[in-house]
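Per-entry structural report
Take a look at the letters that make up each chain.
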Protein chains: 2
Amino acid sequence: MRENKPEELTMADIARMAGVSESTVSRALAGSDLVAEKTRKRITELASAAEYTVNEGARSLRLKKTKTIEVVIPIEQHHRHHISDPFFLDMLGALADAIADRDHDMLLSKIPPWATDKRSNALVSGRADGVIIIGQSPRRDQLREFTHAHRRVVVWGAHFDDEDYTIVGSDNHEGGRLAAAHLLSLGRKRIAFLGDVSQPEIKLRHAGYLDALQQAGVAADEGLTFKAPFDSQEAFAAAKILLDKKLEFDAIFAASDVIAMSAISALSNAGMKVPQDVSVVGYDDIVGAAWYSPALTTVSQSIQEGGEALVRSLFARINGEATASVVLPPKLIIRQSCGA
Amino acid sequence: MRENKPEELTMADIARMAGVSESTVSRALAGSDLVAEKTRKRITELASAAEYTVNEGARSLRLKKTKTIEVVIPIEQHHRHHISDPFFLDMLGALADAIADRDHDMLLSKIPPWATDKRSNALVSGRADGVIIIGQSPRRDQLREFTHAHRRVVVWGAHFDDEDYTIVGSDNHEGGRLAAAHLLSLGRKRIAFLGDVSQPEIKLRHAGYLDALQQAGVAADEGLTFKAPFDSQEAFAAAKILLDKKLEFDAIFAASDVIAMSAISALSNAGMKVPQDVSVVGYDDIVGAAWYSPALTTVSQSIQEGGEALVRSLFARINGEATASVVLPPKLIIRQSCGA
DNA sequence: CTGTTAGCGCGTTCAC
DNA sequence: GTGAACGCGCTAACAG
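Fair warning: this is a prediction, and the values are worked out from it, not measured in the lab. (Residues numbered from 1 in each chain as written. Chains lettered and ligands numbered in written order. Predicted model: local features only at pLDDT ≥ 70, side-chain atom pairs only at ≥ 80, totals over all residues. Heavy atoms only, no water.)

Some details on the packing of aromatic side chains
Within this structure, the stated rule accounts for 15 aromatic pairs over all chains. On the basis of an interplanar angle of 80° and a centroid distance of 5.1 Å, the ring pair of tyrosine 292 of chain A and tyrosine 292 of chain B is categorised as edge-to-face. Taken together, the residues span two chains, with tyrosine 292 of chain A in the loop between β11 (279–284) and β12 (297–300) and tyrosine 292 of chain B in the loop between α11 (287–291) and β12 (297–300). You can call tyrosine 292 of chain A buried: its relative accessible area is 5%. Of note, arginine 205 of chain A hangs over the ring of tyrosine 283 of chain A, and the distance from its end group to the ring centre comes to 3.7 Å. (Phe/Tyr/Trp six-rings, centres within 6.5 Å; stacked < 30°, edge-to-face > 60°. Helix = DSSP H or I, 4+ residues; strand = E, 2+ residues; numbered from the N terminus. Buried < 20%, exposed > 50% of the residue type's maximum accessible area, 1.4 Å probe, protein only. Lys NZ or Arg CZ within 6 Å of the ring centre and 35° of its normal.)

Here you go:
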C-alpha cells in the first residue's frame, strides 16, 4: 500500500519549489492581487500538483479564527434503548448544510460546555468560534449563566419573556393551539395531552392546547394531561395508563411524533382504531410521519429554516452584531390520523 | 450583560501572575511531576480562578495532533423530504461516546473528503487526526483511492474480499440469512425482498436471503426482489408495486426498518394484515421498531459496539498499528410482525 | 526543580 | 511586486 504523506508538505516547501518566498506563496494562495498574475498562477498550479493544502491549525492560530462552530445536541442513551428522536438528525442535517455553506466546520458534542468535567469549553479553549445549543437544558440556570458569559452563542428552544439570550425556535404555543383547534373542529372534545410539560417547549405546546380548548368553550380535564417523556418506551407506557384508567377520551395530542406513534401502537394493541375511535395528532413532522399507518397529522416545525436561522444569528453575533430571537411559524399538516 | 473574555487570557499572563516562567505553567497544567508539588498547586488554582484554559489550537500546532476525529456521514436531503434513517443518529451517538471517551473532538461532515470542491480534506489540512467514513460511497473507486492514500481512515460498511482497507460492519450476509430462515421456519415460502441491491450492504443481505432459500430447498423467484432505495416514500411506492402487480407473496424481508414500516403501511392501506396475511421482517432494530404496530421483527446490528469498534480501530491505525477488519454478529429480534 | 531558547506553519507589517 | 522579520500561544530541548 503506497503511503502518500502530503500532510507533511509545508508552505516553505512550496516556496522553495517555486523559488519565491513564503510570503509570496501565502499571498498567491490567498488570491491576493498584490502578487503578479503569472507568478500567482504558477504557484497555485505547483501547489495543487504537489497536493499541498494550507495547514488550517496554523492559519487559525495566526488569524485567531477557527472557522468551526460547535453544536451541542443532547443525544443520550437510556439503558439499552437510546432516545433517538429523528428530530435531532433532521436538525443536524440542516445545521450541517448551513454551516458548510459558510465554509466552516461543525464540531459535534453531546455534552454542554458548562460541564467541565471532560474537555473544556470549546469556545474559550479556542476550538470553535461559536456555539449552537439545541434545547434548553434541564438546568436552565446553567444555560443562562453560560449565555451571559459568552456572546457567541445561540440556542434552539422555547421563547419565554424572561430569557435574554438569542433563541431560535418555532412558536410552540401556536403549534399546540393549531393541533387542538383542529381536533376540536372535528368535534373531538375529550382531548388527552401526552408530553413532558417540564420541558419548556412542551409546556408551551400544552398552554396552546389549553387556550384552544378555552376558545372553543370546552372545559379542560386536568386528568387528561400526561407527563410523558420523549421516549418511545415510556410514551407507550403512558398511553397504556390512559387506557387502563378507562378514562373517556376521543383524541390525543402528542407532544412529538414519536410519542404519537407509540400511543397509536398502544391503542391498536388495545383494539382501538385510529382515527375512527380516537383522533391523534403529533408534533415535528418527522420523516416517518407521512408513511406511518395511519399517516400522521402533525405540526411541522420547518427544521430546515430553523437550522439556517440559528446559523445566521450565530454568525451575526460573531460579527458583533446585535441579534433578536426568531420565532418560526409552525404549520399543521393534515393527514389521516384524525379522520379528516 | 456582563462580558467576560477569559479567552483572551494567555499562558504568559498566568506565568506573570504566578511569578514563574511560561514553561513552568505549561508543565504544571500538564500535570508534569517535573514541577514542585506546591508551585503546581498554586498555578493550577490560579489558572482555574482566572478561568484560564489552554488554547487548543496553539497546542495542536505545537504537538502536531489535533485531538479531533472527522466523521463523514451521508445524511442527505431529497427534495423536501430528507432521508433521515434513525440508524445514522444511533451511529452518531455511539461514535460521539467512543470519541469523547478518548478525550477527542468529533468533526461532523456530510461531504466525503475527496470531494475537494468545498473545504479541503480535514486530514491533510490538519483539522483532524483521523477519519471515520460511514458507508461505502456510491463511488467505490474514490473511496478505495482515498483509503490507499491515507492510513488514518476506517470505514463502516460491507465486507468484500477485494477491499483492502480496514472496514467495520456487521455480517450482512448472515443477517439476511437469519431473517429469511426465520420466515421460512414459519412456513412462509413466497418471500419478497425490498432493498437497493446496488448498495454493498444490501447486496450481501440479499445474498444471505437467497442462501437461506436454497438451504431450505425453496426456489427463489427473481420477480420478488425489488430494488427499493432507503427512502420511506419510495419504499412505500415499491411496496405498492408489489401489490399492484398482484404477485403472490406471503412475506417481506425489508432491507431496513424504515422500508419495513413503509411496506406495512402500504399493505394495511390495501387491506392486508400483518402478520396474518403477510409476515414482515426489517433490519437495523431502530428505536421505533419495538413500538411500531405491529412490533417489528428485525435484525439488530449492535450499533453501539460498531461505533466503539470503529473508533478503536481508528486509534490503533493512528498509533501506527496494523488493523484487521471487524465483523460484528447480527442478531434476530423476534417480535410480532411475523406472527410467531 | 526551574528558566531560556527555539520553533510548530502560517499571515502580515514594513522595507526594498 | 516581492522578501525579511515578527509573532499568534504553546511545548520541548537544553542548561543550570
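Topic: the protein's contact with DNA strand C
Taken together, 25 residues sit near DNA strand C, with Met11, Tyr52 and Arg62 of chain A together with Ser23 and Thr24 of chain B positioned nearest. Sugar plus phosphate: this is where 60% of the atoms of DNA strand C within 4 Å of the protein reside. Contact distances for DNA strand C include 3.1 Å between a base oxygen and a side-chain N or O atom of serine 23 of chain A. Between threonine 39 of chain B and DNA strand C, the recorded distance is 3.2 Å, taken from a side-chain N or O atom to a phosphate oxygen. Elements that contribute at least two residues to the surface near DNA strand C include exactly α2 (22–29) and α4 (56–63) of chain A together with α2 (22–29) and α4 (56–63) of chain B. Partitioning the surface near DNA strand C into residue classes produces 10 nonpolar, eight polar and seven charged. (Near = heavy atom within 4 Å. Polar contact = N/O pair within 3.5 Å; in protein donor to acceptor, adjacent residues only side chain to side chain. Nonpolar A, V, L, I, M, F, W, Y, C, P; charged D, E, K, R; others polar.)

Some remarks on the confidence of the model for chain A
All names here are of chain A. Chain-level pLDDT for chain A is 89 on average; 92% of the residues reach the 70-or-more range. Model confidence for chain A, summarised as mean pLDDT per element, is weakest for strand β3 (residues 81–82) at 44 and strongest for helix α7 (residues 172–185) at 98. Counted against residues more than four places away or in other chains, residues 1–6, with its pLDDT under 50, gives seven contacts. Predicted confidence for residues 78–82 stays below pLDDT 50, and this span has nine contacts to residues more than four positions away or in other chains. (pLDDT = per-residue confidence, 0-100. Contact = heavy atoms within 4.5 Å.)

Topic: the pattern of salt bridges
Residues and elements named next belong to chain B. Scanning all chains against the criterion turns up 26 salt bridges over all chains. Residues arginine 16 and aspartate 13 are paired through a salt bridge, measuring 3.2 Å at the closest nitrogen-oxygen approach. Remark: aspartate 13 and arginine 16 occur in helix α1 (residues 11–18); sequence separation between them is three residues, near one turn of the helix. Taking the relative accessible area as the measure of exposure, aspartate 13 reaches 18% and is therefore buried. (Salt bridge = Lys/Arg side-chain N within 4 Å of Asp/Glu carboxyl O.)

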